[in-house]
Amino acid sequence: MRLTFIGADHEVTGSCHLLEACGKNILVDCGMEQGPDLYENQEIPVTPGDIDFVLLTHAHIDHSGKIPLLCKQGFSGEIVTTFATADLCSIMLRDSAHIQEFEAEWRNRKAKRSGEPMYEPMYTMEHAEAAVKLLAPCDYDQKIVLCEGIEVRFTDMGHLLGSSAIEVWITEDGISKKIVFSGDVGNLDQPIIKDPQPVKEADYVVIESTYGNRVHGTEKPDYVGEFTRILKDTFLRGGNVVVPSFAVGRTQELLYFIREIKERNLIPEYPNFEVYVDSPLAIDATSVFNKNVKSCFDEDAMALVEKGINPLVFPGLKTTITSDESRMINFDSRPKVILSASGMCEAGRIRHHLKHNLWRAESTICFVGYQAVGTLGRKLIEGADTVKLFGESVEVNARIESLKGISGHADMNGLLGWLSGFEKVPEQVFVVHGEDTVPDDFAQTVTERLGCPAFAPYSGGCVDLATGEILSPGIREPVKAAEKPAQAKKHSVFARVVAAAKRLLEVVYKNEGLANKELAKFEGQIQNLADKWDR
């Protein structure tokens, strides 16, 4: 009866834990690392073919994104999760595979020219499809016998549609223990989905600490009022409101707010304004929201459904699938709302909409989510005067706004509030998912405020659940030592060149179907550039 911590230990992303009990190997989440990588993750100490089950807390890629890799390496067991998570994974894992294949295709074009070894993607669409076939969905609050000696139950955690805490009961060699994995704990009073549900008992709790040292603020944000102000001011200036929006979760929340704005006629000067959702992934995700109404929607959203109102649909809502449809949005001069991915403006269709709107003083760019350091979104929020888009310098004349308060994660008080819902203080709390020192800080807070022993493991940390003994704290192994400044600068510049080349390839694909004369001109420009630098 042993728990080993593999990923998201003193780091925010890449969640993965191995539970060994009753002769079974069970992974709880198998996520992809995204963003800063501080510490080396230890290898999963069993082969993928020997893993019997994956228990999945929710569909975000930092919790689910490596499951296709497991399949590629021989995993063929069940992936047990909620119905809504299974539905979202069926589109998100395929989308992730498409990205892997796209990057491999680009790298291999270069490798063929330079004679370098071919690059193998982490996984392909075949492996994503294999993972989707292994999904074994269940209802919330349904106690399931996983195997002899192990039962599980999924409890709504209000972080994302289908997100869950996972309760696991284990009986082995006459000893019974219960461990609860929080997954990502949701923020209170989010639109559409329910608040995190309490769990009453556990011997051990594994909890995230993404906001374990911060609070969101005491005032409940007036999302509708603030967004109405932004829309009205922009429309009166004759501009567009461009929203870089994450495709799953954030886009659906904004549709929910806009429906209310239109229903209450809060912008009487522009009652029929149009709203474009320009992201195929967001469109697919919205259909999943509509499919999982009864099991996931909160009371307010359900009240609308019971009146025959779809809370994510309203007059003037338009969706665009093809690149041609996306381009046509910018030929419409009427004031409108454009919701497009990616949320941090690093790739995707949003960059085209920024190119057409950033220079316009009458337009507004409205951010609705966290912008990581170094991203285009962060630069805009921090007041950049000009930015580079598709090789051109674009002046930032548009207003830059942020819709404050939208966070899918509970803050420190929310995490402590959920932990205090246990009727008996757990024997031990294990803190994961946090930036470097945050898990240690939150572990100390848990001990001081709740009187519960708490411990923040590093990757490879291991606990004997039968006795509660910490067998290993894990290995604090930093990623490769930093390069010398001159070398690091050289690599940084080269990385920017690689990123620019990737963008060029995206542009090439988006111009498929252009007139032959224009394509020939485009090809000539690319060939001239290649000839100049092919030394």
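Heads up: the structure comes first, above all this text.
Residues numbered from 1 in each chain as written. Predicted model: local features only at pLDDT ≥ 70, side-chain atom pairs only at ≥ 80, totals over all residues. Heavy atoms only, no water.

## Quick look at the pattern of salt bridges
At step 1: For the structure on display, the rule yields 23 salt bridges.
At step 2: Between Glu226 and Arg229 there is a salt bridge, with its nearest N and O atoms 2.7 Å apart. Taken together, the positions of Glu226 and Arg229, both in helix H5 (residues 223-236) and 3 residues apart, correspond to about one turn of that helix.
At step 3: Residue classification places Glu226 among the partly exposed positions, given a relative accessible area of 29%.
At step 4: When the shortest N-O distance is used, the salt bridge between Arg264 and Glu260 registers 2.7 Å.
At step 5: Here Arg264 falls in the partly exposed class, since its relative accessible area comes to 48%.
At step 6: By relative accessible area, which is 21% here, Glu260 ends up partly exposed.
At step 7: Through salt bridges with shared partners, one network takes in Glu226, Arg229, Asp233 and Glu401. (Salt bridge = Lys/Arg side-chain N within 4 Å of Asp/Glu carboxyl O. Helix = DSSP H or I, 4+ residues; strand = E, 2+ residues; numbered from the N terminus. Buried < 20%, exposed > 50% of the residue type's maximum accessible area, 1.4 Å probe, protein only.)

## Digging into a nonpolar patch on the surface
At step 1: Together, Leu504, Val508, Leu529 and Trp533 make up a nonpolar patch on the protein surface, roughly 360 Å² of accessible area in all.
At step 2: Residue assignment for the nonpolar patch shows that the elements contributing at least two residues are helix H15 (485-510) and helix H16 (516-533).
At step 3: When you line up the elements, Val508 lands in helix H15.
At step 4: With relative accessibility at 34%, the residue Val508 sits in the partly exposed group. (Patch = residues over 30% accessible without salt bridge, like charges linked within 9 Å, V, L, I, M, F, W, Y side chains within 5 Å. Areas by Shrake-Rupley, 256 points an atom, 1.4 Å probe, with all protein chains shown as cover.)

## So, helix H13 (residues 412-419)
Residues separated by three or four positions in an α-helix point in the same direction, a consequence of the helix having 3.6 residues per turn.
At step 1: When H13 is considered as a whole, its buried residues turn out to be Met412, Leu415, Leu416, Trp418 and Leu419. Angularly, the buried residues of H13 cover 160° about the axis, an arc narrow enough to put them on a single face.
At step 2: Buried residues belonging to H13 abut strand S9 (164-172), strand S10 (175-181), strand S11 (204-208), strand S20 (428-432) and helix H14 (438-450).
At step 3: Sitting at the amino-terminal end of H13 is Asp411, which places a side-chain oxygen 3.2 Å from the backbone nitrogen of Asn413. (Arc of directions from axis to C-beta. Contact = heavy atoms within 4.5 Å. Polar contact = N/O pair within 3.5 Å; in protein donor to acceptor, adjacent residues only side chain to side chain.)

## Thoughts on the state of the cysteines
Each disulfide consists of a covalent bond between the sulfur atoms of two cysteine residues.
At step 1: Inspection of the entire model under this criterion finds 0 disulfides.
At step 2: With no disulfide of its own, Cys89 lies 11 Å from the sulfur of Cys71, the closest cysteine sulfur.
At step 3: Its sulfur unpaired, Cys345 is 11 Å from the next cysteine sulfur, which belongs to Cys366. (Disulfide = S-S within 2.5 Å.)

## Details of the side chain of Thr364
At step 1: Following the sequence through the fold, Thr364 ends up in strand S16 (residues 364-367).
At step 2: Its relative accessible area of 1% is what places Thr364 among the buried residues.
At step 3: A distance of 2.9 Å separates the side chain of Thr364 from the side chain of Arg237, its partner in a polar contact.
At step 4: The residues touching Thr364, leaving out its near neighbours within four places in the chain, are Ile230, Thr234, Arg237, Asn240, Val241, Val242, Ala398, Arg399 and Glu401.

## A closer look at unusual backbone geometry
At step 1: Unusually for a residue other than glycine, His10 sits at a positive phi of about 65°.
At step 2: When you line up the elements, His10 lands in the loop between strand S1 (2-7) and strand S2 (16-21).
At step 3: A positive phi angle, near 80°, is found at Ile192, a position not held by glycine.
At step 4: Its place among the elements puts Ile192 in the loop between S10 and S11.

## A short note on the sheet that holds strand S15 (residues 336-340)
At step 1: On the basis of which strands lie adjacent, the open sheet formed by 6 strands has the order S14-S13-S15-S12-S16-S19 and parallel pairing. Every interior strand has two partners, whereas the edge strands, strand S14 (317-319) and strand S19 (399-402), have only one. Mean inter-strand twist for the sheet, computed between neighbouring axes without regard to direction, equals 20°.
At step 2: Here strand S12 (residues 241-244) pairs with S16 via 2 bridges, running parallel. Bridge pairing links Val241 to Thr364 in S16. (Pairing = 2+ DSSP bridges. Axes fitted to C-alpha atoms, helices over the stretch in contact; angles between N-to-C directions.)

## Considerations on the environment of Ser340
At step 1: Mapped onto the elements of the fold, Ser340 is located in strand S15.
At step 2: Once the C-alpha coordinates of Ser340 and Pro244 are considered, the two residues, 96 residues apart in sequence, prove to be 5.4 Å apart.
At step 3: Here Ser340 is in contact with Val243, Pro244, Ser245, Asp278, Arg349, Ile350 and His353, once residues within four sequence places are set aside.
At step 4: Reaching out from Ser340, the side chain makes a polar contact with the backbone oxygen of Asp278 at a distance of 3.0 Å.

## Here's the deal with the sheet that holds strand S22 (residues 462-464)
At step 1: Taken in spatial order, the 8 strands of this open sheet run S6-S5-S4-S3-S2-S1-S22-S23, and their pairing is mixed. Each edge of the sheet is formed by a strand with only one pairing partner; in this case those strands are strand S6 (135-138) and strand S23 (469-472). Each neighbouring strand pair of the sheet contributes to a mean axis angle of 25°, computed without reference to strand direction.
At step 2: In terms of strand pairing, S2 meets strand S3 (residues 24-30) through 6 bridges, oriented antiparallel. Looking at S3, one finds that His17 is bridged to Val28.
At step 3: The strands touched by helix H3 (residues 83-114) are strand S5 (78-82) and S6; relative to S5, the strand with the most contacts, the crossing angle is about 115°.

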